[in-house]
Structures are given as C-alpha cells and as structure tokens.
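Close look at the chain arrangement
One letter stands for each residue in the lines below.
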Amino acid sequence: MVMQNDEYVKLQESTSEIMRRWCGRANVGIILGTGLGALADRIEQETVIPYSEIPHFPISTVESHAGRLILGRLEGKSIVAMQGRFHYYEGYSAREIAYPVRVMKELGASTLIVSNAAGGLNPQFRAGDVMIIEDHINLLGVNPLIGPNDNRLGERFPDMSEPYSKELIALARKVALQNAIPTQMGVYVSVPGPNLETRAEYRYLRMIGADAVGMSTVPEVIVAAHAKMRTLGISVITDMGLPDALEPASLERILKNAAEAEPKMNQIIQGVLKQI
Ligand code: HPA
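Residues numbered from 1 in each chain as written. Predicted model: local features only at pLDDT ≥ 70, side-chain atom pairs only at ≥ 80, totals over all residues. Heavy atoms only, no water.

Further remarks concern the overall build of the protein. Each helix and strand in the protein was counted, giving seven helices and nine strands. Since a compact globule built from 276 residues should have a radius of gyration of about 19 Å, the 18 Å found for the protein is in line with a globular shape. Judged by the C-alpha coordinates and their principal axes, the protein covers about 50 × 40 × 35 Å. Across the 276 residues of the protein, 55% fall into the buried class. In the protein, the proportion of contacts linking residues at least 24 apart, taken out of those at least 6 apart, comes to 83%. Carbon and sulfur atoms make up 51% of the accessible area of the protein, which amounts to about 11,900 Å² in all. Here the protein carries 27 positive and 31 negative side-chain charges, and the mean point of each set is 4 Å from the other. (Helix = DSSP H or I, 4+ residues; strand = E, 2+ residues; numbered from the N terminus. Rg over C-alpha atoms; globule rule 2.2 N^0.38 Å. Buried < 20%, exposed > 50% of the residue type's maximum accessible area, 1.4 Å probe, protein only. Contact = heavy atoms within 4.5 Å. Areas by Shrake-Rupley, 256 points an atom, 1.4 Å probe, with all protein chains shown as cover. Lys, Arg positive; Asp, Glu negative; His and termini not counted. Charge placed at Lys NZ, Arg CZ, Asp CG, Glu CD.)

This is the structure we're talking about:
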C-alpha cells in the first residue's frame, strides 16, 4: 500500500522539478483526451517537459498520446496542460492516473478542464457532437482515494454533489451559444475498457442514466473534487453506442470524428479561459 506521507513527499519532488524549469504559477490545469491534443499547440509554450523527466510521474504508453506537460499561457491565463493522459486499461492504478491533478494543484491551479473522446448513448446525440459533462457515474470499479487519507490533500469523504462546476458549465454554454456552436449536456460514465461495449452493455449504461461512455476522466475529477478544484469536463462524441443499430467500432473513425469536433471544443475552452 502507498503510504500517504510518501505521496506528499513525492508531490513536492515532482513539483520542485517542474518549478526548477518553469518560473510561473498555474491558474488552470488542462487534460487533453484521445485525439484532442491540438489545444496544446495554441498555448504560448514557456516550458515543455516529457513525463519521463518528471520524478514520480507515470509514463504514457498509448501511441495517440504524446506524454508531455506543457506550461505556458493561453487567453491570458497561466496553464499547466497534460498532452496525453493515463488510463486504467494501461495498467496504472486510479491513484497513479490522478497523480498529475495533484501536481497541478500544487503548481497553483484551482480550476481543472478535462476533455475526452466518448461513445454516445443518448439517441439524440450524433458522432461529432460536443457534450458538456454535467455529472458522472464511476463504473471503473476503483477509486483514486482508496487508502489512508492525507488531510493536507483533502478530506476523507469528499462531497460529490457538484463535481462539475455549475458556474463553469453555465459559462461553457454561454460561450458555445455566442459562437453558434451546438452542444449537448449529459452524464459521463467511465468503464475500464479497453474493449468497447457489447450491445447489452450499451443498453445497460443508457438505462442507468448515462449519456456518454468512455475510459477516462473520472479518477482525475474525483481527485480534483478531493482537492477542492472546480472542474469543467467536455466529451467529444466520437461514435454512437446504440444497442439496436451498432456498427463495428473503428479506431480510425473514432480519431477522425475527434479531429472534426476538436475545433468546436477548443473554441469553447478558449472562450471559457478568457472569461474566468
Ligand atoms: N465506449 C467506450 N469508450 C469510448 C467509446 C465507446 O463507445 N468511444 C470512444 N471512447
């Protein structure tokens, strides 16, 4: 079992290495999902650090994830962005997956913006839609907060009545409206993956109240709530999981739809950054 004191010390070591290479203080942490890394190129990059050079950082294994921390400015805000994130299906623990969020908090970030690629469950949705996450369901079967609690990082039983900030959701919707970008709203359910869902599973996930399904985001958002950060989550619907009209999944199509929807999502994120 990881001793919490160790984690606190590790956090200081990760943060010191980053601060040795970057003099700034972060306002906002951003995690970019599968096929959604282009926003990183819009950041006025001051420092770029491969994860492998940050002590205690997990190292990403999926090819479509670049695996580097970008520090710089975007829309007047000081940003720490992850280009490439960690997934449970890669073999990391939920605690490891969420570790970078704690680092972001230590660097000063009080706001977290997360994006992901997700399968649409709500039949009103279409591939290519952008969904603002209102709430989530954790079906990963794991939780990043399991183990002794370190009160310096957050409380034992964190409140989950508003893991996604109502204020940021309202702002994101306002920005979308101002830019004539249609958006959906919905509940994101996280599953371990790496296989996509069976038709019976898609039907079940819809029945329990989810609008989109993916393999990420929830561990990071739980830790952000624990750290009392306010979070905005955005899913790009890359394919539809309709149990009665299911087509074989294609990673190529998922990435293509992510790339097509990405500019809409980036516009919303940039608009939100400008106004916070
Ligand atoms: N299921 C799970 N994760 C996903 C999907 C899906 O249908 N599409 C993109 N990520």
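Here E17 shows up in helix α1 (residues 4-21). By relative accessible area, E17 is classed as buried at 17%. A distance of 3.3 Å separates polar atoms of two side chains, one belonging to E17 and the other to R21. Excluding its chain neighbours within four sequence positions, the residues that come into contact with E17 are E53 and P55. (Polar contact = N/O pair within 3.5 Å; in protein donor to acceptor, adjacent residues only side chain to side chain.)

Before going further, it helps to examine the packing of helix α3 (residues 94-106) against helix α6 (residues 218-226). Where α3 contacts α6, the axes come no closer than 8 Å and their chain directions differ by 50 degrees. Classified by the interaxial angle, the pair formed by α3 and α6 is oblique. As α3 packs across α6, the resulting crossing turns out to be right-handed. Each of A94, I97, A98, V101 and R102 in α3 lies in contact with α6, whose residues at this interface are P219, E220, V223, A224 and H226. Residues that form the contact of α3 with α6 fall into these classes: seven nonpolar, one polar and two charged. (Axes fitted to C-alpha atoms, helices over the stretch in contact; angles between N-to-C directions. Parallel < 35°, antiparallel > 145°, perpendicular 65-115°, else oblique. Left-handed = near helix turned anticlockwise from the far one by under 90°. Nonpolar A, V, L, I, M, F, W, Y, C, P; charged D, E, K, R; others polar.)

Let's shift gears to the site of the ligand. Taken together, A117, A118, G119, L196, E197, Y202, V213, G214, M215, T238 and D239 are the residues near the ligand. Note that a nitrogen atom of the ligand is positioned 2.6 Å from one of the side-chain N or O atoms of E197. One of the side-chain nitrogen or oxygen atoms of Y202 is found 2.7 Å away from an oxygen atom of the ligand. For the ligand, the protein covers 94% of the area, taking 260 Å² as the surface of the free molecule. Secondary-structure elements contributing two or more residues to the shell around the ligand are β5 (111-120), β8 (212-214) and β9 (230-240). In terms of residue count, the dominant contributor to the shell around the ligand is β5 (three residues). Looking at the shell around the ligand residue by residue, the class counts come to six nonpolar, three polar and two charged. (Near = heavy atom within 4 Å.)

Along α6, nine of the nine residues are buried, which leaves the element largely enclosed by surrounding structure. Of the residues making up α6, those classed as buried are V218, P219, E220, V221, I222, V223, A224, A225 and H226. Each element contacted by the buried residues of α6 is listed here: β1 (28-32), α3, β5, β6 (130-138), β7 (184-190) and β9. After α6 finishes, the residue K228 shows a positive phi value of roughly 55 degrees.

The next subject is the environment of G147. In this fold, G147 is placed in the loop between β6 and α4 (166-178). Sequence separation of G147 and V114 is 33 residues, and the distance between their C-alpha atoms is 25 Å.

With that out of the way, let us pick up the pairing of strand β3 (residues 68-74). Among the seven residues in β3, five count as buried, and that is most of the element. When strand β2 (residues 44-50) meets β3, the two strands line up antiparallel, connected through six bridges. Bridging from a neighbouring strand, E44 pairs with R73 of β3. Of the pairings in the sheet, the one linking β3 to strand β4 (residues 77-83) comprises seven bridges and is antiparallel in character. If you follow L74 over to β4, its bridge partner there is K77. In this antiparallel pair of consecutive strands, β3 and β4, the connection spans two residues, and E75 shows a positive phi of 50 degrees. (Pairing = 2+ DSSP bridges.)

Here we come to the pairing of β6. As judged from the three bridges shared by β6 and β9, these two strands associate in the antiparallel manner. From the neighbouring strand, I132 faces β9, where its bridge partner is I234. Bridging between β6 and β7 involves seven bridges; their strand directions are parallel. Considered in β7, the bridge of I137 is made with V189.

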